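Now for the letters of each chain:
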Amino acid sequence: MAEGPVNVVLGAGGRTGLECVKRLVDVSDIPTRAVVRDPSKLESILAKSAKLQIVKGDVGNEASLREVLKGARGVIFAAAGRGYWSAADVDFKGVERAAAVCKEVGAQRLVLVSSMLVTKKNWLNPVRLLLNNIRWGLMDNKLKGEDALRASGQPYTVVRPSGLASGLPGDVTFVTGQGDTMAAGSTINRADLAAVCAEALTNPGARNVTFEIVAREGAPPGGYEAQLKSMWASLQQDA
Ligand SMILES: NC(=O)c1ccc[n+]([C@@H]2O[C@H](COP(=O)([O-])OP(=O)(O)OC[C@H]3O[C@@H](n4cnc5c(N)ncnc54)[C@H](OP(=O)(O)O)[C@@H]3O)[C@@H](O)[C@H]2O)c1
């Protein structure tokens, strides 16, 4: 595998992961490595580009992570388990493994796509209860993954979106919160979430920050792209 520096998207075959790849190929000055369990899934969707590498990888396997994270500068973790019992291995241990390998290779930032309502203060929220049972312990394992990342010593950003939707990016205003106190019910397009994740890879204000995010219709007065740069000013670093 070509050495870096590269940005790496883990879970690139997923709906958010794919949007992250597209955004990074558009805006980043370094190549993007899309990591997917079956590369043929992406090879037919994404146009060939010198700025894009599609490689086979699995967050369930440390040796595989060592291989795909060679030369990684920024890493987005957008993988999520498939199958009823998958959350412990992917959403928790997968994040823990990725954080350890990112630290080993000296990645500058690991951005984790987590979820609103993940914390224990929302223990009895009906949506959290439901999600925890759609896949066994999903939200509990997502929180364990977040905790492992925060404790790892690897510079990170934890992004907790509301419900995810499809659609074109742009023409929205982001509303952020911290402490997992935002009301559930709003949505954010995966393409807009991807733009936020891509910006978090390099923006100094995103370093070691955990936050919730939703999108409201209509771009802010300064415009969509400017908001991606400035939105971090209102967020506090984790203690
Ligand atoms: N859906 C919502 O409304 C919502 C709300 C808040 C937060 N979230 C969170 O947002 C994140 C992204 O969600 P999404 O709906 O965009 O995801 P998604 O489409 O379900 O994609 C997840 C991807 O993870 C990949 N994956 C599974 N196990 C893997 C492994 N061991 N190694 C590498 N990749 C693996 C799968 O790859 P394959 O293609 O190989 O199967 C799948 O494509 C998830 O963490 C989700 O929990 C979702």
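Residues numbered from 1 in each chain as written. Predicted model: local features only at pLDDT ≥ 70, side-chain atom pairs only at ≥ 80, totals over all residues. Heavy atoms only, no water.

Within this model, the largest pocket holds a volume of roughly 1,200 Å³. If you trace the largest pocket, you find 45 residues lining it, with A78, A79, A80, G81 and R135 closest to the centre. When contributions to the lining of the largest pocket are tallied by element, the ones reaching two or more residues are α1 (15–27), β2 (32–36), α4 (87–105), α5 (126–134), α6 (138–151) and β7 (163–165). Class assignment for the residues of the lining of the largest pocket results in 19 nonpolar, 15 polar and eleven charged. Within this model, the second largest pocket holds a volume of roughly 210 Å³. Breaking the lining of the second largest pocket down by element, the ones donating at least two residues are α1, α7 (190–200) and α8 (224–230). Looking at the lining of the second largest pocket, its residues break down into six nonpolar, three polar and six charged. (1 Å grid on protein atoms, 1.4 Å probe; cavity = no way out; pocket = protein on both sides within 12 Å on 5 of 7 lines; lining within 4 Å. Points joined across faces, edges and corners; volume = space filled by probe spheres on them. Helix = DSSP H or I, 4+ residues; strand = E, 2+ residues; numbered from the N terminus. Nonpolar A, V, L, I, M, F, W, Y, C, P; charged D, E, K, R; others polar.)

What follows covers the site of the ligand. In the neighbourhood of the ligand, 24 residues make up the surrounding shell, with T16, R37, K41, D58 and K142 lying closest. Backbone polar atom of V59 to a nitrogen atom of the ligand: 2.9 Å apart, as the coordinates give it. A80 places a polar main-chain atom, nitrogen or oxygen, 3.0 Å from an oxygen atom of the ligand. Across the complex, the protein chains shield 86% of the 920 Å² of accessible surface that the ligand would expose by itself. A molecule is said to occupy a pocket when more than half its atoms come within 2 Å of that pocket's grid points, and by this definition the ligand occupies the largest pocket. Mapped by element, the contributors of at least two residues to the shell around the ligand are α1 and β7. Taken together, the residues that form the shell around the ligand break down as eight nonpolar, nine polar and seven charged. (Near = heavy atom within 4 Å. Polar contact = N/O pair within 3.5 Å; in protein donor to acceptor, adjacent residues only side chain to side chain. Areas by Shrake-Rupley, 256 points an atom, 1.4 Å probe, with all protein chains shown as cover. Sits in = over half its atoms within 2 Å of the grid points.)

Attention now goes to unusual backbone geometry. Although it is not a glycine, D171 adopts a positive phi angle of roughly 60°. Following the sequence through the fold, D171 ends up in the loop between β7 and β8 (172–177). With a phi angle near 55°, N208 is a residue other than glycine that sits in the positive phi range. Residue placement: N208 occurs in the loop between α7 and β10 (209–217). For N208, a relative accessible area of 18% corresponds to the buried category. (Buried < 20%, exposed > 50% of the residue type's maximum accessible area, 1.4 Å probe, protein only.)

What follows concerns the UniProt feature "domain: NAD(P)-binding" (unreviewed entry) in the protein. Under the local residue numbering, the UniProt record ascribes the feature "domain: NAD(P)-binding" (unreviewed entry) to residues 11–204. This span, residues 11–204, is 40% helix and 20% strand, and a straight line between its end C-alpha atoms measures 24 Å. (UniProt positions renumbered as here; feature names shortened; annotations may be inferred.)

What follows deals with a nonpolar patch on the surface. A cluster of nonpolar side chains, Y84, W85 and W136, forms an exposed patch at the surface whose accessible area comes to about 410 Å². Relative to the helices and strands, Y84 resides in the loop between β4 (72–77) and α4. (Patch = residues over 30% accessible without salt bridge, like charges linked within 9 Å, V, L, I, M, F, W, Y side chains within 5 Å. Salt bridge = Lys/Arg side-chain N within 4 Å of Asp/Glu carboxyl O.)

Okay, the sheet that holds strand β3 (residues 52–56) next. What links the strands of a sheet is backbone hydrogen bonding, and the strands pair in either a parallel or an antiparallel sense. Strands sit in the order β3-β2-β1-β4-β5-β6-β10-β8 across an open sheet of eight strands; the sheet is mixed. Each having just a single partner strand, β3 and β8 make up the two edges of the open sheet. Here the average twist between neighbouring strands, direction ignored, is 25°. Pairing analysis gives five bridges linking β2 to β3, with the strands arranged parallel. (Pairing = 2+ DSSP bridges. Axes fitted to C-alpha atoms, helices over the stretch in contact; angles between N-to-C directions.)

Across all of its chains, the model carries one cavity of 30 Å³ or more by this definition. The volume enclosed by the largest cavity comes to roughly 40 Å³. Elements supplying a minimum of two residues to the lining of the largest cavity: α4 and β5 (109–113). Residues that form the lining of the largest cavity fall into these classes: five nonpolar, one polar and two charged.

Together, R15, R37, K41 and R82 give the surface a local cluster of positive charge. Along the polypeptide, R15 turns up in helix α1. (Lys, Arg positive; Asp, Glu negative; His and termini not counted. Charge placed at Lys NZ, Arg CZ, Asp CG, Glu CD.)

Before going further, it helps to spend a moment on α1. The end-to-end C-alpha separation of α1 is 19 Å, in line with the 18 Å expected for 13 residues at 1.5 Å each. Among the residues of α1, T16, G17, L18, C20, V21, R23, L24 and V25 are the ones counted as buried. (Expected span 1.5 Å × (residues − 1).)

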